[in-house]
Amino acid sequence: MIVTDQPAYDAIRDWLSARCGITFPEHKSAVLRQRLARVNQSFSYKDLNDLAHGLLEEQKEDVQLAVMHVASTNHTYFFREPEVLDRFRKIVMPYLQKKREMRIWSAAASSGDEAYTVAVMIAEEFGAEALSRLNILGTDISGPVVEQAEQGIYQLKQLDKTERRLVQKYFTALNPNTFAVKDSLKSCCTFRRMNLKAQPYPFNNPFQVVFCRNILYYFDRDDQRATLEAIYEVTEPGGYLVTSVTESIRDLDTRWEPVATGIHRRAA
C-alpha cells in the first residue's frame, strides 16, 4: 500500500488558514512544502505525517510557532516600495505633523525594516525632536523576526535602497556588512508578536496611521475583509491605512475611502 502525505499536507495548510489566515493555493504547494521541510529538519520529523501529528494531535506550541514562522513571508528591506512611501510623505505626514503624539502601527512588521523606515522619514521631515512624540508599534506573527526587530541589527543588503547619508546618520556600523539602528530610532519603536486574525484588536488608543503592506494577498477574501474592518476600528476618524501597490482593496466592500494608490482613509 502506498502511503501518501497529501492528507497531512492538506491538514497543515488548512490549519494555517484557520489559525493565521495564511492561504497557500494549490499552485504554491511546492513553496509551502519546501518551507515545511525546514521544520521537519529542525524537529527531526521523518515526513509531513509526523509533522501533522505534532502540530495537530499533540499541539506542540514550539512546532506550531515554527510552522507559522516558515509560512509567513519575511523578505523585506528598508525603503521598500518608494512610490507608496512618497505618497505617505506627501499625503499622510502633513496630517501627522499636527498631532501632539504620533501613533503608527506597522501591522506586518517582519524584522522591523518598515517601522524604522517610517521613523527615519519622520525624523528627516519634521526634525529629530519629532521622535520624542512618535510611537510606532510593529507586530508580526513570527516570534524570531520580532526578536530581530527588537535587536535592530541588519545586513547591508537590507539597506541597499537606503541613501548612504541616512545609513551614516541613523545606523552604527558594527562591521562593513552589519549595521545597528541607533537608539534615537529604537526608543520610539516597540515590537510585539501578534496574530492579525485574533480580532478584535486589543488596543486602547487609536492609531493615526496603520501600515498593512504585503500581507493581505496571503489571506482569502473573507479574512482580507475582516482584517481591514478590524484595522478600521482601531484607526482614529480621519486616520489613514497604507497598503502595498500590489494589493487592491477596492472590491472588498470595506469602509475605507480610497485616496491614492496604496493610501486609504477612515471617514473623519
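Scroll up for the structure.
Residues numbered from 1 in each chain as written. Predicted model: local features only at pLDDT ≥ 70, side-chain atom pairs only at ≥ 80, totals over all residues. Heavy atoms only, no water.

S.K.: What is the right way to read the nonpolar core from this model?
M.R.: Across soluble globular proteins, nonpolar side chains show a tendency to be buried alongside one another. If you look at the biggest cluster of nonpolar residues, it comprises 46 residues, and the most contacted ones within it are Leu51, Val67 and Trp105. Only α1 (6-20), α2 (29-43), α3 (48-57), α4 (61-71), β7 (207-211) and α10 (221-233) provide two or more residues apiece to this core. (Core = buried A, V, L, I, M, F, W, Y, C linked by side-chain atoms within 4.5 Å. Buried < 20%, exposed > 50% of the residue type's maximum accessible area, 1.4 Å probe, protein only. Helix = DSSP H or I, 4+ residues; strand = E, 2+ residues; numbered from the N terminus.)

S.K.: Help me understand the side chain of Ser106 in this model?
M.R.: Among the structural elements, Ser106 can be located in strand β1 (residues 102-106). Among the residues examined, Ser106 registers a relative accessible area of 2% and is labelled buried. Among all residues touching Ser106, those that are not within four sequence positions of it are Glu114, Ala115, Leu137, Gly138, Thr139 and Phe211. (Contact = heavy atoms within 4.5 Å.)

S.K.: It is not clear to me how the sheet that holds strand β9 (residues 257-260) should be interpreted in this structure. Could you clarify?
M.R.: Strand-to-strand pairing in sheets goes through backbone hydrogen bonds, with the strands running parallel or antiparallel. Overall, mixed pairing links the seven strands, which are arranged β6-β2-β1-β7-β8-β10-β9 in an open sheet. The sheet is open, and its two edges are formed by β6 (189-193) and β9, each paired on a single side. Here the average twist between neighbouring strands, direction ignored, is 20 degrees. α10 rests against β1, β7 and β8 (235-242) of the sheet, and its axis sits at about 135 degrees to β8. (Pairing = 2+ DSSP bridges. Axes fitted to C-alpha atoms, helices over the stretch in contact; angles between N-to-C directions.)

S.K.: Sorry if this is basic, but what is going on with the pattern of salt bridges here?
M.R.: Two side chains of opposite charge can pair, provided their charged atoms sit close to one another. This structure, assessed with the given rule, holds 17 salt bridges. A salt bridge links Arg213 to Glu114, with the shortest nitrogen-to-oxygen separation between them at 2.7 Å. Separated by 99 residues along the polypeptide, Arg213 in the loop between β7 and α10 and Glu114 in helix α6 (residues 113-126) bring together distant segments of the chain. In terms of burial, Arg213 and Glu114 fall into one category: buried. (Salt bridge = Lys/Arg side-chain N within 4 Å of Asp/Glu carboxyl O.)

S.K.: What's the story with the sheet that holds strand β5 (residues 178-181) in this structure? I'm lost.
M.R.: Taken together, the three strands give an open sheet; going across it, the order is β3-β5-β4, and neighbouring strands pair in antiparallel fashion. One side of each edge strand has no neighbouring strand; the edge strands of this open sheet are β3 (153-155) and β4 (171-175). When strand polarity is set aside, the average angle formed by the axes of neighbouring strands in this sheet is 35 degrees. Pairing of β4 with β5, which is carried by four bridges, proceeds in the antiparallel orientation.

S.K.: Honestly, the packing of α1 against α3 in this entry has me stumped. Any pointers?
M.R.: At a closest axis distance of 8 Å, the pairing of α1 and α3 adopts a crossing angle of 40 degrees. In this structure, α1 crosses over α3, and the sense of that crossing is left-handed. Contacts between α1 and α3 involve Ala8, Tyr9, Ala11, Ile12 and Trp15 from the first element and Leu48, Asn49, Leu51, Ala52, Leu55 and Leu56 from the second. Residues that form the contact of α1 with α3 fall into these classes: ten nonpolar, one polar and no charged. (Left-handed = near helix turned anticlockwise from the far one by under 90°. Nonpolar A, V, L, I, M, F, W, Y, C, P; charged D, E, K, R; others polar.)

S.K.: Explanation requested: the pairing of β1 in the structure shown.
M.R.: Walk down a regular strand and you will see the side chains alternate between the two sheet faces. The buried fraction of β1 amounts to five of the five residues, a majority that puts the element mostly inside the structure. Of the two faces of β1, the one holding Met102, Ile104 and Ser106 and the one holding Arg103 and Trp105 are both buried throughout. Note: β1 against strand β2 (residues 134-140), five bridges, orientation parallel. Paired with Ser106 across the two strands is Gly138, which belongs to β2. For the crossover from β1 across α6 to β2, the handedness is right-handed. When β1 meets β7, the two strands line up parallel, connected through three bridges. Within the sheet, the bridge partner assigned to Trp105 lies in β7 and is Val210. (Right-handed = clockwise from strand over helix to strand, strands pointing away.)

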